[in-house]
Amino acid sequence: MGSNSPKANKTSFCLPGHIFFLFLLLSTNLLTFFLSTTYNPCSTLPTEKAVSRVTEPVVPNLNDPEEGLPEEFVASAYGQKLPFGFNRRFDSDTMYTPVGRACVFYKDDIKKYMTYNVNGSCPDDEQLTQKLMLKGCEPLPRRRCRPAAVANYEEPIPYPDCQWTTPPDSSVVWTAHTCKNYTCLVKRRFAKSNDDCKDCFDLHDREIHRWLPREGKSAMEFTFDEVLALKNPGTIRIGLDIGGGAGTFAVRMMERNVTIVTTSMNFNAPFNNFIASRGIVPLYITISQRLPFFDNTLDIVHSMHVISNWIPTTLLQFLLYDIYRVLRPGGIFWLDHFFCRLDQWQEYKPLLESIGFNSLKWVEGRKLDKPDHQEVYLSAILEKPLKNSW
């Protein structure tokens, strides 16, 4: 029979060898695949220190100006090894905290800022922190201490009364400001000073009429309703106000079912506290900071007076593209009273036109409060194209 033939015997004898060879080949391939997908030359097995999640900062071997920085700054701003080694989402085995590059250029200021008792109270240093931010130390490094706060803080005024009621003085730490109460801030509009938004804190004078129809308003003073009418009803839902003063733009938009986040600095007044007291989210960032929103998400971005010729031209271009980035296709940028000198207008106009917006409204005019300065105003509603915005 065939099973007794020499050929058959040879086949039955060699079969286990083939199986063993295939098993060996498969095993080595699987092992190679496993190692190639899990091993990384930067990864290490967790040590006792890693398991306990207590890690030492990874301090790069850098030249000046990084040398001589306070230990708390290094602990906060430099890399920390991840407890479990390499992480695919990070594409690294180290976590770095974002800190403004310019922080290392101001060692004396950063030393003051980072000098405190860990787990204790932070210094009452609002002026110092804002100065660091404005000089480019943004974001500031985190601190392991509790911020200054008033001892007898009061609960906020309930909504909706909070929107048009001056908040209690006990809601603010006044150390950094010339005025020490809201009564002083309301009266400041009559003072001869260069303070920003001097009349913002009187909610029942000019502030209550902003962006509403009124007799004698100029063509550059757009109203909420005429701007919202440029888009389909209900499609303007969320947005950002850059340099929003006392937050009135966001308050009025809330009345129209539009949620607005408001950026502001505290220039000799507690603008962020005041905005928050009105039930609006304040965002404490400078004009230099990348907008903390994902691409193509906001329906509207507004800015009044802030975006103007005091910003270096190249940085202004970066800012305008960042606004374009966060607006969704079809979203609108309400540029409210941009101003520059008359001789600068031929530079700024093509810059504004080059970003890629469609112009829905565009009104130019002379700035008349300082005739000798020969300045130009622009108010415009600029739309990110709904199609082919990329």
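Just above sits the structure.
Points about the overall build of the protein chain
Okay, step 1: Regarding its fold elements, the protein chain presents 11 helices and 10 strands.
Okay, step 2: The proportion of buried residues among the 390 residues of the protein chain is 41%.
Okay, step 3: For the protein chain, contacts bridging at least 24 residues in sequence account for 65% of all contacts bridging at least 6.
Okay, step 4: With the model as given, the accessible surface of the protein chain reaches about 23000 Å², and the carbon-plus-sulfur share is 58%.

Observations regarding the nonpolar core
Okay, step 1: Among the nonpolar cores identified, the biggest contains 32 residues, and Val 301, Ile 307, Ile 323, Phe 333 and Phe 338 are the most heavily contacted of them.
Okay, step 2: Secondary structure elements with two or more residues in this core: strand E4 (238-242), strand E7 (298-304), helix H10 (313-326), strand E8 (327-341), helix H11 (345-354) and strand E10 (375-383).
Okay, step 3: Looking at this core element by element, the count peaks at 6 residues for H10.
Okay, step 4: Sequence-distant contacts of Ile 323, that is, excluding residues within four places in its chain, are made with Ile 242, Leu 291, Val 301, Ile 307, Phe 333 and Phe 357.

Some remarks on H10
Helical geometry note: an α-helix holds 3.6 residues per turn, so side chains three or four residues apart project in the same direction.
Okay, step 1: The first and last C-alpha atoms of H10 sit 20 Å apart over 14 residues, in line with the 20 Å expected at 1.5 Å per residue.
Okay, step 2: Among all positions in H10, only Leu 316, Leu 319, Leu 320, Asp 322, Ile 323, Tyr 324, Arg 325 and Val 326 are buried.
Okay, step 3: Against E4, E7, E8 and H11 lie the buried residues of H10.

Looking at the packing of aromatic side chains
Okay, step 1: Inspection of the entire model under this criterion finds 16 aromatic pairs.
Okay, step 2: Both rings, one in Phe 224 and one in Phe 249, keep their centres 5.3 Å apart while their planes meet at 45°; by these two values the pair is tilted. Linking Phe 224 in helix H7 (residues 224-228) with Phe 249 in helix H8 (residues 248-254), this pair joins segments that are 25 residues apart in sequence.
Okay, step 3: Since its relative accessible area comes to 0%, Phe 224 is described here as buried.
Okay, step 4: Summarising the aromatic geometry, the rings of Phe 338 and Tyr 348 are spaced 5.5 Å apart at their centres and angled 70° between planes, so their arrangement reads as edge-to-face. You can see Phe 338 sitting in strand E8 and its partner Tyr 348 sitting in helix H11, a full 10 residues away along the chain. This pair shows no difference in class: Phe 338 is buried, exactly as Tyr 348 is.

Thresholds applied
Residues numbered from 1 in each chain as written. Predicted model: local features only at pLDDT ≥ 70, side-chain atom pairs only at ≥ 80, totals over all residues. Heavy atoms only, no water. Helix = DSSP H or I, 4+ residues; strand = E, 2+ residues; numbered from the N terminus. Buried < 20%, exposed > 50% of the residue type's maximum accessible area, 1.4 Å probe, protein only. Contact = heavy atoms within 4.5 Å. Areas by Shrake-Rupley, 256 points an atom, 1.4 Å probe, with all protein chains shown as cover. Core = buried A, V, L, I, M, F, W, Y, C linked by side-chain atoms within 4.5 Å. Expected span 1.5 Å × (residues − 1). Phe/Tyr/Trp six-rings, centres within 6.5 Å; stacked < 30°, edge-to-face > 60°.

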